[in-house]
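# Fold and contact review
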Amino acid sequence: MKLMSCRSRAASVSCFTLAFLMLYCHIFSIVGQKSESALIVSEHTEGGEGAGVDEDEEVTVDEEEEEEGDLEVVQPTEEWQTLKAGQAVPAGSHVRLNLQTGQREVRLGEEQLKYWTQKHREEKETKSSFSPDELKQAMKKMKDDLNHDQQDSVSSTFRPLDELKREMAQLDLLVETDVQIMRRLLDQFNSSNTTMQQRLSILLELEYLVHQVDNAQTLCSMGGLQFILEGLNSSDFRLQESSAHVLGSALASNPAVQVKAVESGALQTLLTVLATAQAHSVKKKVLFAVASLLRHFPYAQRHFLSNGGLQVLSELFRTDGRGALRTRIVTMLYDMISEKELISQAGLDPVMDASHEERVQQYSKVSLQGELLEKGWCSLVPQLLESSEHDYREKALRALLAMVPVCVEQYRSDSSLLASLVSLRNQYQEMVRSEMILGEENSYFAEIVDLIDALQVKMNI
């Protein structure tokens, strides 16, 4: 009996000891685990926020205190926030105690931060992606807004033309078109109260306007051509000069005005002024008007020859001592000869339109070559070579070359011309050598030498 009681006591002690050890291990495992409500204590130094975290400590927060009462739940973010008294945070949040300020701070935990960052990125990508229809609507709205802004900008910067006209009318500053200006100028020119100086100013303004083809034609339709011709017949040389200038500018490269001028008798008036005018400046402007009227207009050239135009020019050539009028005359004759030659050469083309054939027929009626020979131009043009101006000599040589077909016999028998050609060739050849020494090639003087050589070849000398 004693033996059995001892054994039972030993078994009881062993069971008790085993139970105590199991309870001790359980308590130790509980104490060793981190509480979900633990705080991380962070102490900051004066060096800055990042450098102030020297160590982190876990601080257990009494769960009973958090469960007391209804607490305000703070939604943490990726940045640290200060927790106030009576505030609670969701589970999994990262909480620390700032030893420098003595306040608790909270932000998202590591797992929450990863989830929040991924979710934020997906939301941003979702917001930044648009469907094609949404993009079209957005672009249309932008275009409408831009047009509206531009209209507002133009409206705020510029005012309507009608409003400006009303204001200028109050200031006697009406906006006039070219047609209105020319009408007003013609009325003033025809007024008996207009002085000579005012008429000259009007002609100067008209000369500027008629450089435009439409304005020149409009001026003729207004009757302005008749006023200009009356100015050419004036006894005042200043009015003659200005009128001839306006007429020449209106005729230049303007076939419609050329036709109206011939029909109005402008050619006869110009030749009369050339034959009777005394002022050199008047003759200069009238020659300009005659050249503008004859250029590319075979009908006018034929009337010019039939009305003794070459005779008038020859008299003017002989009396001109300065050489400027001579050069203009020779240039005009050269242009007339060249036009006819170009048309004749183009006539060899088998494919021609009706208008070109008509022009060829018109030029065929202009007997310019025979008139030049008859009026003595074969001996007049070489006189221009006596000028000291290189430009005058060049134009004379070009005209002489163009007149070779009808004047070659006169050239060969003109000893003065032959001597001039030899002298000029030697002179310009020396100039060319001097320029070549200086490194200049293809000079202007070399062109003159080529003209002399070509003329001598055609004369067979």
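Everything below is about the structure printed above this text.
### Things to note about the overall build of the protein chain
Within the protein chain, the secondary structure is distributed over 23 helices and seven strands. Once local pairs closer than 6 in sequence are excluded, the contacts in the protein chain between residues at least 24 apart make up 61%. As presented, the protein chain carries roughly 29,000 Å² of accessible surface, and 53% of it is formed by carbon and sulfur atoms.

### Some words on empty space enclosed by the protein
Summary: where empty space remains is shown by rolling a probe the size of a single water molecule over the atoms. In the structure shown here, the tally under the stated rule is one cavity of 30 Å³ or more. Empty space within the largest cavity amounts to approximately 40 Å³. The wall of the largest cavity is formed by Leu 186, Phe 189, Leu 203, Leu 206, Leu 219, Gly 224, Phe 227 and Ile 228. The set of elements that each furnish at least two residues to the lining of the largest cavity consists of α6 (178-190), α7 (196-209) and α9 (224-232). Per-element tally for the lining of the largest cavity: the top contributor is α9, with three residues.

### Section: the state of the cysteines
Taken as a whole, this structure holds one disulfide when the rule is applied. The partner cysteine of Cys 378 in its disulfide is Cys 407, sulfur to sulfur 1.8 Å. Disulfide Cys 378-Cys 407: torsion about the S-S bond near -60 degrees, hence left-handed. Of this pair, Cys 378 sits in helix α19 (residues 377-380) while Cys 407 is found in helix α21 (residues 404-413), placing the two residues 29 residues apart along the sequence.

About the cut-offs
- Residues numbered from 1 in each chain as written.
- Predicted model: local features only at pLDDT ≥ 70, side-chain atom pairs only at ≥ 80, totals over all residues.
- Heavy atoms only, no water.
- Helix = DSSP H or I, 4+ residues; strand = E, 2+ residues; numbered from the N terminus.
- Contact = heavy atoms within 4.5 Å.
- Areas by Shrake-Rupley, 256 points an atom, 1.4 Å probe, with all protein chains shown as cover.
- 1 Å grid on protein atoms, 1.4 Å probe; cavity = no way out; pocket = protein on both sides within 12 Å on 5 of 7 lines; lining within 4 Å.
- Points joined across faces, edges and corners; volume = space filled by probe spheres on them.
- Disulfide = S-S within 2.5 Å.

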